[in-house]
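The residues making up each chain are set out below.
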Amino acid sequence: MQIGVRNMDMRYPIGQFEWEGQSSPEHRNHWIQEIEGMPGKLRTAVQGLSEEQLNLAYREGGWTIRQVVHHLADSHMNSYMRFKLALTEDNPTIKPYDERLWAALPDSVTVAAEVSLAMIEGIHTRWVALLNSMDHEDFLRTFYHPENQRTTHLEYATAMYAWHGNHHIAHITSARERFKI
C-alpha cells in the first residue's frame, strides 16, 4: 500500500474527474449528498492546523492549504452562480476566471481559513437546497463556457463539483499524512 501512496500523482490524489455520460436520479442524489457533506469534510480536514501549517504547500509547486480552502470558496461560489444563471437563462455564457491568479491575491494568501469555511457552509446550504429542488429537465439545462468553448449540462457540473470538493480535500488530507500534521 505504501508503494501506491508514493507513486500517487499528488495533483490528483483521488484520480482525475471522469464523466460516464447521462446519469440516473440515484447518481444525482449521490452527488448532491457529496456536495452537502463537503463543508463538514473540509472543516475536519483543516481542524487543528496552525497558521504556519495552513501556509504549507500541499505539494511542491502547489498551493498552500490556506489557498486550497479559499479556492474552494471561490470555485464553488462561481459554480453556484453558474447554476442559477443556467436555471434562469437559456444557455448563458458564463464569466470565466483565472483560478491561479485568484489564489495568488492577498485575501487568498493571508485571510483566515475560517472565513472561507463559513462562506462554503453558506454557499453549500443554498446550493444543496437549489439542487434538491431541481427536476430531471433542470439538470439538462446548460451554460456556455467561452474559455473552453463548451456547453455544459448542470448534470455534468453537479458530478464534477462533487468530485472537485473531494479532490481538494484529498490534497489537504494527503499533505497532513505526508507532513504528519
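What you see is a predicted model; the values in this text were computed from it and never measured.

### Description of the overall build of the protein chain
Helix and strand content of the protein chain: 9 helices and 2 strands. Reading the secondary structure of the protein chain in the N-to-C direction produces α-α-α-α-α-α-α-α-β-β-α. A compact globule built from 181 residues should have a C-alpha radius of gyration of about 16 Å, and the protein chain, at 17 Å, falls within 12% of that. Counting only C-alpha atoms and orienting by the principal axes, one finds that the protein chain spans roughly 45 × 40 × 30 Å. Here the protein chain holds 181 residues, and the buried ones make up 43% of them. Partitioning the intrachain contacts of the protein chain with sequence separation of at least 6 by distance along the chain shows that 78% fall at a separation of at least 24. Within the structure as shown, the protein chain displays about 10,000 Å² of accessible surface, and the carbon and sulfur contribution to it stands at 52%.

### Comments concerning helix α2 (residues 25–46)
Between its first and last C-alpha, α2 extends 32 Å over 22 residues, near the 32 Å set by a 1.5 Å rise per residue. At M38, α2 shows its maximal kink, close to 40°; a proline, P39, follows between one and four residues later. Next to the buried residues of α2 lie α3 (51–54), α4 (65–88), α7 (113–133), α8 (136–139) and α9 (154–179). Positive backbone phi, approximately 80°, marks G48, located one or two places after α2.

### Topic: unusual backbone geometry
Trans peptide bonds make up the majority, and among non-glycine residues the majority have a negative phi. Its identity is not glycine, yet Q149 carries a phi of approximately 50°, on the positive side. As for its placement among the helices and strands, Q149 is situated in the loop between β1 (142–145) and β2 (150–153). Q149 gets classed as exposed once you look at its relative accessible area, which sits at 63%. A positive phi angle, near 55°, is found at K180, a position not held by glycine. Positionally, K180 belongs in the segment after α9. What makes K180 exposed here is its relative accessible area of 73%.

### Some details on the pairing of β2
Here β1 pairs with β2 via 4 bridges, running antiparallel. Paired with T142 across the two strands is H153, which belongs to β2. The loop that links β1 with its antiparallel partner β2 comprises 4 residues; one of these, Q149, has a positive phi angle of about 50°.

### Brief notes about the UniProt feature "binding site: Zn(2+)" (unreviewed entry) in the protein chain
Taking the numbering used here, the UniProt-annotated feature "binding site: Zn(2+)" (unreviewed entry) corresponds to H71, H164 and H168. Their sequence span is 98 residues, while the largest C-alpha to C-alpha distance among them is just 10.8 Å; these annotated residues converge on one region. Residue H164 is classed as buried on the basis of its relative accessible area of 8%. One polar contact links H164 to H71, side chain to side chain, over a distance of 3.2 Å. Take H168: it is sitting in helix α9.

### Re a nonpolar patch on the surface
Taken together, M77, M81, L101, W102, L105, V115 and M119 make up a surface patch of nonpolar side chains, about 600 Å² in accessible area. Elements represented by at least two residues in the nonpolar patch include exactly α4, α5 (99–104) and α7. As for its placement among the helices and strands, L101 is situated in helix α5. A relative accessible area of 54% places L101 in the exposed class.

Conventions and cut-offs
Residues numbered from 1 in each chain as written. Predicted model: local features only at pLDDT ≥ 70, side-chain atom pairs only at ≥ 80, totals over all residues. Heavy atoms only, no water. Helix = DSSP H or I, 4+ residues; strand = E, 2+ residues; numbered from the N terminus. Rg over C-alpha atoms; globule rule 2.2 N^0.38 Å. Buried < 20%, exposed > 50% of the residue type's maximum accessible area, 1.4 Å probe, protein only. Contact = heavy atoms within 4.5 Å. Areas by Shrake-Rupley, 256 points an atom, 1.4 Å probe, with all protein chains shown as cover. Expected span 1.5 Å × (residues − 1). Bend = angle between axes of the 7 residues up to and from the residue. Pairing = 2+ DSSP bridges. UniProt positions renumbered as here; feature names shortened; annotations may be inferred. Polar contact = N/O pair within 3.5 Å; in protein donor to acceptor, adjacent residues only side chain to side chain. Patch = residues over 30% accessible without salt bridge, like charges linked within 9 Å, V, L, I, M, F, W, Y side chains within 5 Å. Salt bridge = Lys/Arg side-chain N within 4 Å of Asp/Glu carboxyl O.

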